[in-house]
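What follows is each chain in one-letter form.
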Amino acid sequence: MSDKLGVVMVGCGGIARCHAFALTRVPQVRLVAAVDINEAAAIDFKARFGFEEHSAKLEELLDRSDVDAVVITTSNKTHAPLSVQAMRAGKHVMVQKPMAMSMAEAREMVAVADENKVKLMVSFFELFLPPVERAKAIIDAGLIGSPFFFKGFMAWHMPDNALGWRFDPQVSGGGVIMDGNVHHISNALYLLGEPEITSVYAEYATLTTDSKVEDTAVVLMRTPTAICEISGSNRLWEPGGTVANFKDMWEIYGTKGTIQWDASRRPTMRVFSSEADAANPLIGGGWASPHLPLIPEDQRAYSMHLNSEENPWVPEHRHFVEACLTGAPLRSDGRFGLKTQAVLEAAYRSGREGRRVSL
């Protein structure tokens, strides 16, 4: 492999803009081709982001020696098949969350990555938010003691949820659990040190529309030492509120303190700790607002997040590229994705059966 990573992007829809822009800001990347079954979309991405070529078929590019990695930003149903296809051709893969439609697919992806000795990363972009990285350091340093409760909430407004693949369970696999709760499931796993999940309980329903997927959900995860409550809805509407149609927040309670993050608040992050621990440089000399690094203005991709100064897309892709070029470990590799997939699958099973599901 050369000192640059030759990248093909498959899927040129909405979220792909974040990925493509971020890749343009990583000097070690060569944008080989944009791929989409809608060739016009691939042509648009080629012109907009500087890909060298475009194609309607991934298989036309996989035998090329100058293609090292594939970034997959398609609908959920195609995540696993496209990932497996690329990895069997010896290409590293970054795939949008959720990594697959089922545990069986996710296990196959991990096995194929191992067999072909390639990197498999699941794009949980919130893990690269500066507040998440700082919270992880604070927790690992013991500054809030032992975490025993994680509470996450994400909600947004879909004005017409009768259209689009996200509301077709055969293509999306589910609604707000797959689309929103998954972010805070991965946040909790990462921040709490990837604990064993002993059980999952979920309540979900389609409460305000006639959609075929859930619009509102609560997922409870139990670990040996903590409880995690993760909730959300894609039907948020708050006229006159600070944020009318998007909320994203989490809190972690420890035996010695608390960390809070709210994307709509300034500052977004607050830490409550003992007077002695408040002087630690990770907290920044005070209990309320640690000073966080800002994402440079020229590295702020389009994002639903309200605080562009904490935009995580470029750090995420820099991390992926470095791992592919150097062999360094990934923050959210296939096995991490597999743990998240297990929670998703257990949540849907719990809701269907009306009981807590043991893992």
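Scroll up a little and you will see the structure.
Residues numbered from 1 in each chain as written. Predicted model: local features only at pLDDT ≥ 70, side-chain atom pairs only at ≥ 80, totals over all residues. Heavy atoms only, no water.

Remarks on the packing of aromatic side chains
Which entries qualify depends on this criterion: Only Phe, Tyr and Trp rings are paired, with Trp represented by its six-membered ring, and only when their centres lie within 6.5 Å; those with planes under 30 degrees apart are stacked, over 60 edge-to-face, the remainder tilted. Our definition puts a charge over a ring when NZ of Lys or CZ of Arg is within 6 Å of the ring centre and also within 35 degrees of the ring normal.
This structure, assessed with the given rule, holds 7 aromatic pairs. Grouped by ring-pair contacts, the aromatic residues Phe150, Trp250 and Trp261 constitute a single cluster. Over the ring of Tyr190 we find Lys136; its NZ or CZ atom is 5.2 Å from the centre of that ring.

Points about the sheet that holds strand S2 (residues 29–35)
Note on sheets: strands pair through backbone hydrogen bonds, and any given pair is parallel or antiparallel. Short version of the rule: Think of it this way: DSSP has to see at least two bridges between two strands before they count as a pair. By the criteria applied, helices consist of DSSP H or I runs no shorter than four residues and strands consist of E runs no shorter than two, each listed in order from the N terminus. The angle between two axes is taken between their N-to-C directions and runs from 0 to 180 degrees, where each axis is a line fitted to C-alpha atoms and a helix contributes only its stretch in contact. By definition, residues are in contact when any of their heavy atoms lie within 4.5 Å.
Strand order across the open sheet formed by 6 strands is S3-S2-S1-S4-S5-S6, with parallel pairing between neighbours. Only two strands of the sheet have a single partner each, and these edge strands are strand S3 (53–55) and strand S6 (120–123). Across the sheet, the axes of successive neighbouring strands diverge by a mean angle of 20°, strand direction being ignored. Taken together, the 4 bridges between strand S4 (residues 69–72) and strand S5 (residues 92–96) define a ladder with parallel strand orientation. Pairing of Val71 across the sheet is with Met94, part of S5. Each of strand S1 (5–10), S2 and S3 touches helix H2 (residues 39–49); the most contacted strand, S3, lies at about 165° to it. Relative to the sheet, helix H8 (residues 313–326) contacts S1, S2, S4, S5 and S6, its axis offset from that of S5 by approximately 155°.

Considering a nonpolar patch on the surface
The criterion, for reference: Candidates for patches are residues over 30% relative accessible area with no salt bridge; among them, like charges are joined within 9 Å and nonpolar side chains (Val, Leu, Ile, Met, Phe, Trp, Tyr) within 5 Å. Each accessible area is a Shrake-Rupley estimate made with a 1.4 Å probe; only the visible protein chains count as cover when residues are assessed. Think of a salt bridge as a Lys or Arg side-chain nitrogen and an Asp or Glu carboxyl oxygen that are within 4 Å of each other.
On the surface, a cluster of nonpolar side chains totalling about 200 Å² of accessible area is made up of Val218, Leu220 and Ile227. Mapping Leu220 onto the fold places it in strand S9 (residues 216–222).

Regarding the environment of Pro329
Rule in force here: Each residue is placed in one exposure class: buried if its accessible area under a 1.4 Å probe, protein chains only, is under 20% of its type's maximum, exposed if it is over 50%, and partly exposed if it falls in between.
With respect to the helices, strands and loops of the structure, Pro329 is situated in the loop between H8 and helix H9 (334–353). Judged by its relative accessible area of 66%, Pro329 falls in the exposed class. For the pair Pro329 and Ala80, spaced 249 residues apart in sequence, the C-alpha to C-alpha distance is 21 Å. Setting aside residues up to four positions removed in sequence, Pro329 forms contacts with Lys119, His319 and Ala323.

Comments concerning the pattern of salt bridges
In this structure the tally under the stated criterion is 15 salt bridges. A salt bridge links Asp179 to Arg166; the shortest N-O distance between them is 2.7 Å. One end of the pair, Asp179, is in helix H7 (residues 176–191); the other, Arg166, is in the loop between strand S7 (147–156) and helix H6 (169–172), with 13 residues separating them in the sequence. The class for Asp179 is buried, based on a relative accessible area of 18%. Of the residues examined, Arg166 reaches a relative accessible area of 30% and is grouped as partly exposed. A single network of salt bridges, built from pairs that share partners, joins Arg30, Glu52, Glu53, Arg64 and Asp66.

Focus on the sheet that holds strand S10 (residues 227–233)
Within the open sheet, the 8 strands sit side by side as S13-S12-S11-S7-S10-S9-S8-S14. Their pairing is mixed. Strand pairing shows two members of the sheet lacking a second neighbour, strand S13 (269–272) and strand S14 (357–358), which therefore form its edges. Across 7 bridges, the pairing between S7 and S10 is parallel. Bridge assignment links Met154 to a residue of S10, and that residue is Gly232. Helix H5 (residues 130–140) rests against S7, strand S11 (246–254), strand S12 (258–262) and S13 of the sheet, and its axis sits at about 15° to S13. Relative to S7, H7 is tilted by about 155°, and along the sheet it contacts S7, strand S8 (199–205), S9, S10 and S11.

Quick look at the packing of helix H1 (residues 16–24) against H2
The cut-off we apply is this: By the definition used in this description, the sense in which the near helix is turned from the far one sets the handedness, with an anticlockwise turn below a right angle giving left-handed and a clockwise turn giving right-handed.
Here H1 crosses H2 at 35°, and the two axes come no closer than 11 Å. Read as a crossing pair, H1 and H2 show a hand that is right-handed. Of H2, the residues touching H1 (which contributes Ala16, Arg17, Ala20, Phe21 and Thr24) are Phe45, Arg48 and Phe49.

Concerning the environment of Ser274
Within the element layout of this structure, Ser274 appears in the loop between S13 and H8. For Ser274, a relative accessible area of 29% corresponds to the partly exposed category. Considering only alpha carbons, one finds Ser274 and Thr258, 16 residues apart in sequence, at a separation of 9.9 Å.

Regarding the pairing of S10
Of all the 7 residues making up S10, 5 are buried; the element is thus mostly covered by neighbouring parts of the structure. Sheet topology places S9 next to S10; 7 bridges connect them, and they run antiparallel. Counterpart to Thr216 in the pairing with S10 is Ser233. From the end of S9 to the start of S10, which pair antiparallel, there are 4 residues.

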